[in-house]
Amino acid sequence: MLRFSEVPETEIELVEADTDVPLGVGEATAGPTAAAIGNAVARALGVRIRDLPLTRERIMTTLLAQ
């Protein structure tokens, strides 16, 4: 995990839209974020949970099935 002092500098540019309809920008992170959490859980527990959402019941069922 990076420390704040190690995080690279980023540049943000807001672009005006040609429409009054609001456009989302954060939705693109949902897929990679879920994958990163799934990978972290698999690494921590040693088993991969293949069904989402990652609930306590699904995690316990998978662990007990081993």
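Residues numbered from 1 in each chain as written. Predicted model: local features only at pLDDT ≥ 70, side-chain atom pairs only at ≥ 80, totals over all residues. Heavy atoms only, no water.

Asks: Break down the overall build of the chain for me, with residues and values.
Replies: Looking only at helices and strands, the chain has 2 helices and 0 strands in total. In summary, the chain has a C-alpha radius of gyration of 18 Å against a globular reference of 11 Å for 66 residues, an excess of more than 25%. Principal-axis analysis of the C-alpha atoms places the extent of the chain at approximately 55 × 35 × 15 Å. Within the chain, buried positions represent 9% of all 66 residues. (Helix = DSSP H or I, 4+ residues; strand = E, 2+ residues; numbered from the N terminus. Rg over C-alpha atoms; globule rule 2.2 N^0.38 Å. Buried < 20%, exposed > 50% of the residue type's maximum accessible area, 1.4 Å probe, protein only.)

Asks: Give a description of unusual backbone geometry that names residues and reports values.
Replies: In this model, Leu52 is joined to Pro53 through a cis peptide bond whose omega is 0°. Along the chain, Pro53 turns up in the loop between helix 1 (30–45) and helix 2 (56–64).

Asks: So, the environment of Ala44: which residues are in play, and what are the values?
Replies: Here Ala44 is to be found in helix 1. For Ala44, a relative accessible area of 64% gives the class exposed.

Asks: How would you summarise helix 1 if you had to cite specific residues and measurements?
Replies: Owing to its 3.6 residues per turn, the α-helix aligns residues three or four sequence positions apart on the same side. For helix 1, spanning 16 residues, the distance from its first C-alpha to its last is 23 Å, which sits close to the expected 22 Å at 1.5 Å a residue. Buried within helix 1 we find Gly38, Val41 and Ala42. Take helix 1 and look down its axis: the buried residues cluster within an arc of 100°, on one side only. Exposed and oriented more than 90 degrees from the buried face of helix 1 are Pro32, Arg43 and Ala44. (Expected span 1.5 Å × (residues − 1). Arc of directions from axis to C-beta.)

Asks: Report on a nonpolar patch on the surface, specifying residues and quantitative values.
Replies: Together, Leu45, Met60, Leu63 and Leu64 give the surface a local cluster of nonpolar side chains, amounting to about 360 Å² of exposed area. A per-element tally of the nonpolar patch places helix 2 first, with 3 residues. Looking at Met60, the relative accessible area reads 38%, which means it is partly exposed. (Patch = residues over 30% accessible without salt bridge, like charges linked within 9 Å, V, L, I, M, F, W, Y side chains within 5 Å. Areas by Shrake-Rupley, 256 points an atom, 1.4 Å probe, with all protein chains shown as cover. Salt bridge = Lys/Arg side-chain N within 4 Å of Asp/Glu carboxyl O.)

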